[in-house]
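Descriptive analysis of the structure
Listed below are the residues making up each chain.
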Amino acid sequence: MSQYIERYQRRKLISSYFSVALSIALVLFLLGVLGLLVLNTKKLADHFKEQITISVFLKDNAKPVEIDQLQKSLMLAEYTKSAEYISKEDAAEQYSEDIGENFEEFLGYNPLKNSIDVNLKADFVSPQQIDEIAEELAAKAYVDEVSYDKPLISLLNNNARKISLWILIASAVFTIMAVLLINSSIRLSIYSKRFIIKTMQMVGATKTFIRRPFIWTNIKLGMAGAFVALIGLGVLVYYIDKSFPELDLLQDYIVLIILFVGVFGLGVIISWASTHFATQRFLNLRTDDLYY
């Protein structure tokens, strides 16, 4: 009978530890995902900004040497990420594919112009800077027109600022929720041992002596939960990097190290603090209050 009770208590203890570690792992994983988003907010915004294209349309009498010089000067400009020359023939072919019919046969000629599509670096994608760049390019004698989506640029910049603000607010809220959830899991675990704590105190054990095994046990559970969360986070980062290689997530070693160390450290710190205050609470309770 005693062996059965011992096995039952051991299974119950393992189940309790498992539930605490799993709770910590899930909360830290969600917090890590949010942290990944926070640390890469600027990169995501920059990625979308760099998709903005300025189309420099050239006059029909523009000389090949002038076009070549313009493209090279654009490639060397500090604001340029890429500059691609598109001939009117290539543009007509692409446009025909988009609309599903050959518009040249209907019109009898190709109305499109040779152009250079310029993608800017993210730091230069603002209405004022793009206006200055467009004016500089339009001033060239062989440039017919400079076209870009001005409303989209304003909308993109405004939304990027709003998203960054809301992500920071969400980060603060989720951090508080993570602390509360982990704290609740640990407090429930210690609650089941409140009579053991009070018994040890009544036989003369000091508060530090009583707290030490609980703190060390829950720190190990926090470390185990953090380790599981980091595995899941690593898989997620790898998947995102494969699906969106242009973000180069795996190339930012410093950001990933900060994130992983932060998640692991948070798991340990919250486990330690929650255990300390939970045991302190039961140590300060009277024996009669333990039944409520």
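Predicted, not measured: the structure shown is a model, and the values here were computed from it.

What about the packing of aromatic side chains?
Remark: the centre distance and the inter-plane angle together describe each pair of aromatic rings, the angle taken between the planes. As enumerated under the stated definition, the model contains 1 aromatic pair in all. With 6.3 Å between their ring centres and 65° between their planes, tyrosine 79 and phenylalanine 124 make a pair best called edge-to-face. Highlighted residues: tyrosine 79 in the loop between helix 3 (64-76) and strand 2 (80-86) and phenylalanine 124 in the loop between strand 3 (115-120) and helix 6 (127-138), separated in sequence by 45 residues. In this structure, tyrosine 79 and phenylalanine 124 share a single accessibility class: buried.

Digging into the environment of lysine 49
Within the element layout of this structure, lysine 49 appears in helix 2 (residues 41-49). Along the sequence, lysine 49 and leucine 156 sit 107 residues apart, while their C-alpha atoms lie 7.3 Å from each other.

Here we look at the confidence of the model for the protein
Put simply, the protein has an average pLDDT of 79, and 85% of its residues get 70 or more. Mean pLDDT across the elements of the protein ranges from a minimum in helix 5 (residues 103-107), with 62, to a maximum in strand 3, with 88.

Comments concerning the environment of isoleucine 116
In this fold, isoleucine 116 is placed in strand 3. Its relative accessible area of 0% is what places isoleucine 116 among the buried residues. Spatially, the C-alpha atom of isoleucine 116 lies 5.9 Å from that of isoleucine 86, the residues being 30 residues apart in sequence.

Thoughts on the side chain of asparagine 114
Note that asparagine 114 resides in the loop between helix 5 and strand 3. Not counting the four nearest positions on each side in its chain, asparagine 114 is found in contact with Val56, Phe57, Leu58, Tyr85, Ile86, Ser87 and Lys88.

Details of the pattern of salt bridges
Evaluation of the coordinates by the stated rule reveals 3 salt bridges. Between lysine 72 and aspartate 68 there is a salt bridge; the shortest N-O distance is 3.3 Å. Highlighted residues: lysine 72 and aspartate 68, both in helix 3, separated by 4 residues, approximately one helical turn. Look at aspartate 68 and you get partly exposed, because its relative accessible area is 34%.

Digging into the nonpolar core
Of all hydrophobic cores here, the largest spans 29 residues; its most connected members are Leu28, Leu36, Ile182, Ile190, Ile197 and Val263. Of all the elements in the fold, those that place two or more residues in this core are helix 1 (2-39), helix 7 (150-191), helix 9 (207-243) and helix 10 (253-284). Ignoring sequence-local partners within four residues, the contact set of isoleucine 182 consists of Ile24, Val27, Leu28 and Ile270. Of all hydrophobic cores here, the second largest spans 24 residues; its members include Leu74, Ile116, Ala134 and Tyr142.

Observations regarding the layout of surface pockets
Considering only enclosed or pocket space, the second largest pocket measures out at about 200 Å³ in volume. If you go around the second largest pocket, you meet 13 residues; those closest to its centre are Leu31, Gly35, Thr175, Leu259 and Leu266. For the lining of the second largest pocket, the secondary-structure elements that each account for two or more residues are helix 1, helix 7 and helix 10. Considering each element in turn, the lining of the second largest pocket owes the most residues, 7 residues, to helix 1.

Some remarks on a negative patch on the surface
On the surface, a cluster of negative charge is made up of Glu84, Glu89, Asp90, Glu93 and Glu97. Relative to the helices and strands, glutamate 84 resides in strand 2.

What about the environment of threonine 217?
The residue threonine 217 is located in helix 9 in this model. When the C-alpha positions of threonine 217 and serine 271 are compared, they lie 9.4 Å apart, and in sequence the two are 54 residues distant.

Quick notes on the sheet that holds strand 4 (residues 143-147)
Across the sheet, 4 strands lie side by side as 2-3-1-4; this open sheet has antiparallel pairing. Bordering the open sheet on either side are strand 2 and strand 4, each of which pairs with just one other strand. Neighbouring strand axes in the sheet, compared pairwise and without regard to direction, differ in orientation by 20° on average. Sheet analysis places strand 1 (residues 53-58) next to strand 4, joined by 4 bridges and oriented antiparallel.

Some thoughts on a nonpolar patch on the surface
On the surface, Leu165, Trp166, Ile169, Val173, Phe174, Met177 and Leu181 cluster together to form a nonpolar patch covering roughly 680 Å² of accessible area. Looking at the element boundaries, valine 173 is found in helix 7.

Here's the deal with the packing of helix 7 against helix 10
Running from N to C, helix 7 and helix 10 cross one another at 45°; their axes reach a closest spacing of 9 Å. With respect to helix 10, the element helix 7 is oriented oblique. You can see that helix 7 and helix 10 cross each other, and the crossing is right-handed. Side by side, helix 7 and helix 10 meet where Val179, Ile182, Asn183, Ile186, Arg187, Ile190 and Tyr191 of the first sit next to Ile270, Ser271, Ser274, Thr275, Ala278, Thr279, Arg281 and Phe282 of the second. A breakdown of the residues in the contact of helix 7 with helix 10 according to their chemical character gives 8 nonpolar, 5 polar and 2 charged.

The rules behind these values
Residues numbered from 1 in each chain as written. Predicted model: local features only at pLDDT ≥ 70, side-chain atom pairs only at ≥ 80, totals over all residues. Heavy atoms only, no water. Phe/Tyr/Trp six-rings, centres within 6.5 Å; stacked < 30°, edge-to-face > 60°. Helix = DSSP H or I, 4+ residues; strand = E, 2+ residues; numbered from the N terminus. Buried < 20%, exposed > 50% of the residue type's maximum accessible area, 1.4 Å probe, protein only. pLDDT = per-residue confidence, 0-100. Contact = heavy atoms within 4.5 Å. Salt bridge = Lys/Arg side-chain N within 4 Å of Asp/Glu carboxyl O. Core = buried A, V, L, I, M, F, W, Y, C linked by side-chain atoms within 4.5 Å. 1 Å grid on protein atoms, 1.4 Å probe; cavity = no way out; pocket = protein on both sides within 12 Å on 5 of 7 lines; lining within 4 Å. Points joined across faces, edges and corners; volume = space filled by probe spheres on them. Patch = residues over 30% accessible without salt bridge, like charges linked within 9 Å, V, L, I, M, F, W, Y side chains within 5 Å. Areas by Shrake-Rupley, 256 points an atom, 1.4 Å probe, with all protein chains shown as cover. Lys, Arg positive; Asp, Glu negative; His and termini not counted. Charge placed at Lys NZ, Arg CZ, Asp CG, Glu CD. Pairing = 2+ DSSP bridges. Axes fitted to C-alpha atoms, helices over the stretch in contact; angles between N-to-C directions. Parallel < 35°, antiparallel > 145°, perpendicular 65-115°, else oblique. Left-handed = near helix turned anticlockwise from the far one by under 90°. Nonpolar A, V, L, I, M, F, W, Y, C, P; charged D, E, K, R; others polar.

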